[in-house]
Amino acid sequence: MVNTISSKNETSNTSPNNLTTDFYEKLKNNFSIEESFKDITQYLNVKFEIDYFILNIKDSIKYQETTVFENINEQINKTFVIEFECNINNKTSISFNVIANDENHFEQLNSCKDALKTIFDLIAPILFITYLQERIQNLKLRDNITSLYNRKYLHIYLDKMLPLSKREDKKIGFLMIGIDHFKAVIDEFDYEIGDKVL
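Residues numbered from 1 in each chain as written. Predicted model: local features only at pLDDT ≥ 70, side-chain atom pairs only at ≥ 80, totals over all residues. Heavy atoms only, no water.

In this section: the confidence of the model for the protein chain. Looking at the protein chain, pLDDT values average 82 and 90% of them are 70 or higher. Contacts from residues 1-17, a stretch scored under 50 in pLDDT, to residues over four places away or in other chains number 30 contacts. (pLDDT = per-residue confidence, 0-100. Contact = heavy atoms within 4.5 Å.)

Printed below as a string of structure tokens:
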């Protein structure tokens, strides 16, 4: 079964010119990072028999690394890992950590490393844009202090839920929570302490 990798590599199905157009277009049109990962997982599995990978975004200015996706668990053998680093710009890169099933699969993947690197170089910018769009959307719908959903989210949610509630003849409940004497905290201390209290 692993021989398929080498035969696919020989016929150069994974060259940038032959990168499956449907896969590439699908990624460009995805609006959620979760959809993108499903498509990537399926593509890597079909083309290279890769079942598991980890995707990290690295920020060299802040020295931060954020794991954006991983489809592994504790039982997965992480002995055979190949890392592909794709630079997005001079301060940001995406790393794809591909986990081979065994030593033979590891050697097979190493033999088509150039094809994999090309594929990751092509899809990394698309993933990064999708990731940023999702982050921006999330920032618009959440309070920046508490990370709770804000009033805008409530309007979007209610636009969906009220017709559903009416159609199914179900009620919707609301819970409002207030903090007694919160203004006194701000008056006595300052907004920074108030933010921490929240």
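After that view of the structure, there is still more to cover.
With that settled, the discussion passes to the packing of aromatic side chains. Under the criterion given, the structure shown has 8 aromatic pairs. Ring geometry for phenylalanine 23 against tyrosine 43: centres 3.9 Å apart, planes inclined by 5°, an arrangement best described as stacked. Within this pair, whereas phenylalanine 23 is found in helix α2 (residues 21-29), its partner tyrosine 43 is found in helix α3 (residues 33-48), the two being separated by 20 residues in sequence. When sorted by exposure, phenylalanine 23 lands in the same class as tyrosine 43, which is buried. Between phenylalanine 37 and phenylalanine 69, the aromatic rings sit 4.3 Å apart at their centres with planes inclined by 20°, giving stacked as the arrangement. (Phe/Tyr/Trp six-rings, centres within 6.5 Å; stacked < 30°, edge-to-face > 60°. Helix = DSSP H or I, 4+ residues; strand = E, 2+ residues; numbered from the N terminus. Buried < 20%, exposed > 50% of the residue type's maximum accessible area, 1.4 Å probe, protein only.)

Let us now look at the sheet that holds strand β2 (residues 64-70). The strands making up a sheet are joined through hydrogen bonds of the backbone, oriented either antiparallel or parallel. Strand order in the open sheet made by the 4 strands is β2-β1-β4-β3, with antiparallel pairing throughout. The sheet is open, and its two edges are formed by β2 and β3 (81-87), each paired on a single side. Neighbour-to-neighbour, the strand axes of the sheet open up by a mean angle of 20°, direction not taken into account. Its contacts with the sheet place helix α5 (residues 113-141) against β1 (52-59), β2, β3 and β4 (92-99), and it is angled at close to 55° to β3. (Pairing = 2+ DSSP bridges. Axes fitted to C-alpha atoms, helices over the stretch in contact; angles between N-to-C directions.)

Now for the layout of surface pockets. Each pocket or cavity is described by its volume, and for the largest pocket that value is around 560 Å³. What lines the largest pocket is simply Leu148, Tyr149, Asn150, Arg151, Tyr153, Leu154, Phe174, Leu175, Met176, Ile177, Gly178 and Ile179. The class makeup of the residues in the lining of the largest pocket is 9 nonpolar, 2 polar and 1 charged. The space that makes up the second largest pocket amounts to roughly 300 Å³. What lines the second largest pocket is a set of 13 residues, among which Ile57, Asp59, Tyr131, Leu132 and Arg135 lie closest to the centre. Mapped by element, the contributors of at least two residues to the lining of the second largest pocket are β1, β2 and α5. Sorting elements by how many residues they give to the lining of the second largest pocket places α5 first, with 5 residues. (1 Å grid on protein atoms, 1.4 Å probe; cavity = no way out; pocket = protein on both sides within 12 Å on 5 of 7 lines; lining within 4 Å. Points joined across faces, edges and corners; volume = space filled by probe spheres on them. Nonpolar A, V, L, I, M, F, W, Y, C, P; charged D, E, K, R; others polar.)

Moving on, we get to α5. Between its terminal C-alpha atoms α5 stretches 40 Å, which fits the 42 Å expected from 29 residues at 1.5 Å a residue. The largest bend along α5 measures about 35° and falls at isoleucine 123, with the proline proline 125 one to four residues further on. Every buried residue of α5 is listed here: Ala115, Leu116, Ile119, Phe120, Ile123, Ala124, Ile126, Leu127, Phe128, Thr130, Tyr131 and Leu141. (Expected span 1.5 Å × (residues − 1). Bend = angle between axes of the 7 residues up to and from the residue.)

A few words now on a nonpolar patch on the surface. Residues Ile145, Ile179, Phe189, Ile193, Val197 and Leu198 make up a contiguous nonpolar surface patch of about 520 Å² in total accessible area. With respect to the element layout, valine 197 can be found in helix α8 (residues 191-197). (Patch = residues over 30% accessible without salt bridge, like charges linked within 9 Å, V, L, I, M, F, W, Y side chains within 5 Å. Areas by Shrake-Rupley, 256 points an atom, 1.4 Å probe, with all protein chains shown as cover. Salt bridge = Lys/Arg side-chain N within 4 Å of Asp/Glu carboxyl O.)

In this section: the nonpolar core. Membership of the largest hydrophobic core comes to 33 residues, with the highest contact counts inside it found for Ile40, Leu55, Phe96 and Phe120. Broken down by secondary-structure element, the contributors of at least two residues to this core are α2, α3, β1, β2, β3, β4 and α5. Sorting elements by how many residues they give to this core places α5 first, with 9 residues. Ignoring any residue separated from it by four or fewer positions in sequence, one finds isoleucine 40 in contact with Phe23, Leu27, Phe53, Ile123 and Leu127. (Core = buried A, V, L, I, M, F, W, Y, C linked by side-chain atoms within 4.5 Å.)

Here β3 shows a buried face lined by Ile82, Phe84 and Cys86 and an unburied face lined by Val81, Glu83, Glu85 and Asn87. Across 7 bridges, β3 lies against β4 in antiparallel orientation. Looking at the pairing, isoleucine 82 lines up with valine 98 of β4.

On to helix α4 (residues 103-111). If you check which residues of α4 are buried, you get His105, Gln108 and Leu109. Burial along α4 is one-sided: seen end-on, the buried residues are contained in an arc of 95°. (Arc of directions from axis to C-beta.)

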